[in-house]
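Examination of the molecular architecture
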Amino acid sequence: MKHLIDPTDLTLQEIDDILSLAERIMADRSAYSEVARGKKLATLFFEPSTRTRLSFEAAMLELGGSVLGFSEAASSSASKGESVADTARVVEKYADIIAMRHPKEGAPLVASMNVSIPVINAGDGGHLHPTQTLTDLLTIQEECGRLKDLTIGFCGDLKFGRTVHSLIKQLCRYPGIHFILISPLELRVPDYIKEEVLDRGNADYREVERMEDVIGKLDILYMTRVQRERFFNEEDYLRLKDSYILDMQKLAGAKADLKILHPLPRVNEISVEVDKDPRALYFKQAEYGKFVRMALMMKLLDLPERQKEVAADAEG
Ligand code: NCD
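Residues numbered from 1 in each chain as written. Predicted model: local features only at pLDDT ≥ 70, side-chain atom pairs only at ≥ 80, totals over all residues. Heavy atoms only, no water.

Description of the site of the ligand
- Around the ligand lies a shell formed by Thr 52, Arg 101, His 129, Gln 132, Arg 162, Thr 163, Arg 225, Gln 227, Pro 263, Leu 264 and Pro 265.
- A distance of 3.1 Å separates a nitrogen atom of the ligand from a polar side-chain atom of Gln 132.
- Here an oxygen atom of the ligand sits 2.7 Å away from a polar atom, N or O, in the side chain of Gln 227.
- For the ligand, whose accessible area on its own is 310 Å², the fraction buried by protein is 94%.
- Under a 2 Å grid-point criterion requiring more than half of the atoms, the pocket assigned to the ligand is the largest pocket.
- Considering only residue class, the shell around the ligand consists of 3 nonpolar, 5 polar and 3 charged. (Near = heavy atom within 4 Å. Polar contact = N/O pair within 3.5 Å; in protein donor to acceptor, adjacent residues only side chain to side chain. Areas by Shrake-Rupley, 256 points an atom, 1.4 Å probe, with all protein chains shown as cover. 1 Å grid on protein atoms, 1.4 Å probe; cavity = no way out; pocket = protein on both sides within 12 Å on 5 of 7 lines; lining within 4 Å. Sits in = over half its atoms within 2 Å of the grid points. Nonpolar A, V, L, I, M, F, W, Y, C, P; charged D, E, K, R; others polar.)

Below is the structure:
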């Protein structure tokens, strides 16, 4: 395990190990506060982000390491025409691990092929977002107690939403997952995901347009925003942006133990009145994101759980 570009770069065992380590970190945060002392994370963000970049940075700081980087393409040499490969080659000299977000599908993969430090894909265009997937898995594991035998509804922009593509790809690897894909016709999951992921994985899935018809069947409702920046024209965005607005009225038909997830940012698709409902887990989900990134970076940097070992030695 060296880079994380696609969730399936990790075996199920490796994912399980990362989630278990995240659980240990959550249970005893101070025990991990020095494990990355002297390590540097470079966050190379060519596209806007709040949670992903800040949670990566917070994660490295909480491990005792440090961070450097940029948060927009305009402030990097990309604006002068530098290639992703060259930027990565240079940053490799300054940092121990890279988290990269880029509007072009495949950019983090290109970076990873040009350096010998770990590269983490922090979102590439409409393609994949594997650390959001790890965040979602930790949330599901903690809140539902299992990563199998679940009915999950994905709702909103399933065409451009990379968090959706990534999570579907990963969940196809677990048994007993039923997918209900809720979107307008124009924003359905792309054919390549249907053919190469859902069909190939023999997944149980169906596509519907109305949330009300299926909400009562769901264990998890994964809401997403309509991805304005990936639309070709503003008119289509304006027509589709409010296709689904989850409010208390729609929730009336849902299970009492439904888990409502959202990778955030939210625009209009979840009414703020829902935030108070105990089924709304999206802010907690953002917090899980920091812990799972701490665990991931420890694994990719091959950092031992030093303090624990030292403590255990002292006791022994
Ligand atoms: C998502 C992303 O960037 O793909 N945000 C995130 O990382 N939590 C979702 C989105 O932008 O809609």
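Side note on the domain arrangement of the protein chain
- Each domain of the protein chain was delimited in the assignment, giving domain 1 (7-129 + 289-311) and domain 2 (130-285).
- For domain 1 and domain 2, the distance between their C-alpha centres works out to 25 Å.
- Together domain 1 and domain 2 conceal approximately 2400 Å² of surface at their shared face, both sides included; 60% is due to carbon and sulfur atoms.
- In this structure, the connection of domain 1 to domain 2 is made through 2 salt bridges.
- Taking the shortest distance from any N to any O, the salt bridge between Arg 230 and Glu 47 comes out at 3.1 Å. (Domains from an automatic or database assignment. Buried area = accessible area lost by both parts, 1.4 Å probe. Salt bridge = Lys/Arg side-chain N within 4 Å of Asp/Glu carboxyl O.)

Some points on helix α7 (residues 191-199)
- The set of residues buried in α7 consists of Ile 193, Lys 194, Val 197 and Leu 198. End-on view of α7: buried residues confined to an arc of 115°, all on one side of the axis.
- If you follow the buried residues of α7, they end up packed against α6 (162-171), β6 (177-182) and β7 (204-208). (Buried < 20%, exposed > 50% of the residue type's maximum accessible area, 1.4 Å probe, protein only. Helix = DSSP H or I, 4+ residues; strand = E, 2+ residues; numbered from the N terminus. Arc of directions from axis to C-beta. Contact = heavy atoms within 4.5 Å.)

Concerning the sheet that holds β7
- One open sheet holds the 5 strands; their spatial order is β7-β6-β5-β8-β9, and the pairing between them is parallel. Where the open sheet ends on each side, the last strands, each with one partner, are β7 and β9 (259-261). Averaged over all neighbouring strand pairs, the angle between strand axes comes to 20°, with direction disregarded.
- Where β6 meets β7, 5 bridges bridge the pair, whose relative direction is parallel. In the sheet register, His 178 faces β7, and the bridge partner there is Asp 204.
- The strands touched by α7 are β6 and β7; relative to β7, the strand with the most contacts, the crossing angle is about 155°. (Pairing = 2+ DSSP bridges. Axes fitted to C-alpha atoms, helices over the stretch in contact; angles between N-to-C directions.)

Considerations on the sheet that holds strand β4 (residues 119-124)
- What the 4 strands build is an open sheet, ordered β2-β1-β3-β4; its pairing is parallel. Among the strands making up the open sheet, the edge pair consists of β2 (66-70) and β4. Geometrically, the sheet is characterised by an average inter-axis angle of 15° between neighbouring strands, direction not taken into account.
- The pairing of strand β1 (residues 40-45) with β2 spans 5 bridges and is parallel. Each bridged residue has a counterpart across the sheet, and for Lys 40 the counterpart in β2 is Ser 66.
- Helix α3 (residues 84-91) contacts β1 and β3 (97-102) of the sheet and is inclined by roughly 155° relative to β3.

A word on a negative patch on the surface
- On the surface, Asp 16, Asp 17, Glu 23 and Glu 142 cluster together into a patch of negative charge.
- The element contributing the most residues to the negative patch is helix α1 (residues 12-27), with 3 residues.
- Position of Asp 17 among the secondary structure elements: in helix α1.
- Residue classification places Asp 17 among the partly exposed residues on the basis of a relative accessible area of 31%. (Patch = residues over 30% accessible without salt bridge, like charges linked within 9 Å, V, L, I, M, F, W, Y side chains within 5 Å. Lys, Arg positive; Asp, Glu negative; His and termini not counted. Charge placed at Lys NZ, Arg CZ, Asp CG, Glu CD.)

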